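Structural description and commentary
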Amino acid sequence: MKKSLKLDYDECNLKVNASQKVLDGYVHQKEEILQPRINEYQKSIEEDNNQLNNLNEMITKDKITIGKLKDKIDAIHEFYKKILEQANNALPEAAIDELKKYREPPILIKKLIAFLCDLLNLEQNDWTYAREKLLSRADLNKDLTSINRDKIPRSLLRKLELFCVDNYVAAEIEAYQLVYQNSKAAALVYVWLQGIVAFCDVRKRTKKFRQRISHLKIRIQKKTKKCEEISKQIENTSEKLADNQNLLQKIEDLIANHTEDCRHAKLTFDQKNNRLKDRLSVLILKSRQIIGQIGQIWDRKT
């Protein structure tokens, strides 16, 4: 009987230990593997979100700066708007036809035409050559409008400035009327040349703003690309986080179930242990009684 009780006790104890070992394995997986990994993913997402927010703030600031720079450029264009508009319509065919009629025009007209030759990179700029090679062109207006104003040689532009733009803001009307007395066509050429100088001046004044805008746009593109990369990284990390959180929930459910199994196994073990103790106590008591009886029998015989 004692042996039977001992086997029952050992079996129960093994079940308790086995359940506790499984439970410890789940707890280890939760506390030493899953939870640290989840914390790492959450920290990574938080850091990426902070970086993403910072980049978006910088992009917003750059866009605001671009807007302000464009306002400055618009203000400069607005300042030159009138003369630029006049220059756009400065050479009608009638004016060109009028210039062709001259055999020996006034010096002022020769100077104006010489500038047209120089702007078109002709070999010469004297009146005879200009009358034959310049004014005879069928698409003179088209050629003039196709001039790359950003690449006008600085020396030529300076000559144009001295001719057209010295105090031209204040003296524009007076200069126009002065030239107009010689020729209507000459006046229109003069205004067109003023437009060339004004355009170049606008380009010069807005150059640093345009360069700054170009730099900011490139920076915005890089930051936008970086934002896309971070967003993708956050998406991937979030998927991993969700998978591990689901696994953690399953582990926690298993821990809860095995905790109950351990509690039940421990309770069963305690009950059987108590029964074993009770039975052992009974056996010990009976053994003592038997020994006492044997002693009495022995005493009677002796």
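Since the model is a prediction, treat every value here as computed from it, not as a measurement.

Here we take up the pattern of salt bridges. Under the counting rule described, the total for this entry stands at nine salt bridges. For R154, the salt bridge identified is with E161, shortest N-O distance 3.7 Å. Judged by relative accessible area, which is 11%, E161 ranks as buried. In this structure, a network of salt bridges that share partners links the residues R154, R158 and E161.

What follows covers the layout of surface pockets. The computed volume of the largest pocket comes to approximately 220 Å³. Taken together, R149, D150, I152, R154, L157, C200, R203, K204, K207 and R210 make up the full set of residues lining the largest pocket. Of all elements in the fold, only α6 (154-165) and α8 (184-301) reach the threshold of two or more residues within the lining of the largest pocket. No other element matches the five residues that α8 contributes to the lining of the largest pocket. Classifying every residue of the lining of the largest pocket by side-chain character gives three nonpolar, no polar and seven charged.

Along the chain, R149 turns up in the loop between α5 (140-145) and α6. Buried charge without a salt bridge: R149, with D150 as the nearest opposite-charge side chain at an N-O distance of 8.6 Å. Once residues lying within four places of it in the same chain are set aside, the contact partners of R149 are G195, I196, F199 and C200.

To continue, consider helix α3 (residues 107-119). The terminal C-alpha atoms of α3 lie 19 Å apart, and with 13 residues this matches the ideal 18 Å at 1.5 Å per residue to within 8%. All buried positions along α3 are accounted for by I109, L112, I113, A114, F115, L116, C117 and L119. A positive backbone phi angle near 60° is found at N121, which sits one or two residues after α3.

Now for a negative patch on the surface. Where like charges cluster on the molecular surface, the negative patch consists of D71, D74, E78 and E85. For D74, the position within the fold is in helix α1 (residues 2-88).

This brings us to the confidence of the model for the chain. With 77% of its residues at a pLDDT of at least 70, the chain reaches an overall mean of 81. When the elements of the chain are averaged for pLDDT, helix α7 (residues 168-180) gives the smallest value, 48, and helix α4 (residues 127-133) the largest, 88. Taken together, the stretch residues 168-173 has pLDDT below 50 and engages in eight contacts with residues farther than four places along the chain or on a different chain.

One finds I113, L134, W192 and L193 to be the most contacted residues of the largest nonpolar core, which totals 37 residues. Looking at this core, the elements with two or more residues in it are α2 (93-100), α3, α4, α5, α6 and α8. Per-element tally for this core: the top contributor is α8, with ten residues. Each residue touching I113, except ones within four places of it in the same chain, is listed here: L99, W127, A130, L134 and L135. With 27 residues, the next largest nonpolar core counts I38, Y41, I45 and L84 among its residues.

Looking at α2, one finds that the buried residues are A95, I96 and L99. In a view along the axis of α2, the buried residues occupy a sector of 100°, so they form one face of it.

What counts and what doesn't
Residues numbered from 1 in each chain as written. Predicted model: local features only at pLDDT ≥ 70, side-chain atom pairs only at ≥ 80, totals over all residues. Heavy atoms only, no water. Salt bridge = Lys/Arg side-chain N within 4 Å of Asp/Glu carboxyl O. Buried < 20%, exposed > 50% of the residue type's maximum accessible area, 1.4 Å probe, protein only. 1 Å grid on protein atoms, 1.4 Å probe; cavity = no way out; pocket = protein on both sides within 12 Å on 5 of 7 lines; lining within 4 Å. Points joined across faces, edges and corners; volume = space filled by probe spheres on them. Helix = DSSP H or I, 4+ residues; strand = E, 2+ residues; numbered from the N terminus. Nonpolar A, V, L, I, M, F, W, Y, C, P; charged D, E, K, R; others polar. Lys, Arg positive; Asp, Glu negative; His and termini not counted. Contact = heavy atoms within 4.5 Å. Expected span 1.5 Å × (residues − 1). Patch = residues over 30% accessible without salt bridge, like charges linked within 9 Å, V, L, I, M, F, W, Y side chains within 5 Å. Areas by Shrake-Rupley, 256 points an atom, 1.4 Å probe, with all protein chains shown as cover. Charge placed at Lys NZ, Arg CZ, Asp CG, Glu CD. pLDDT = per-residue confidence, 0-100. Core = buried A, V, L, I, M, F, W, Y, C linked by side-chain atoms within 4.5 Å. Arc of directions from axis to C-beta.

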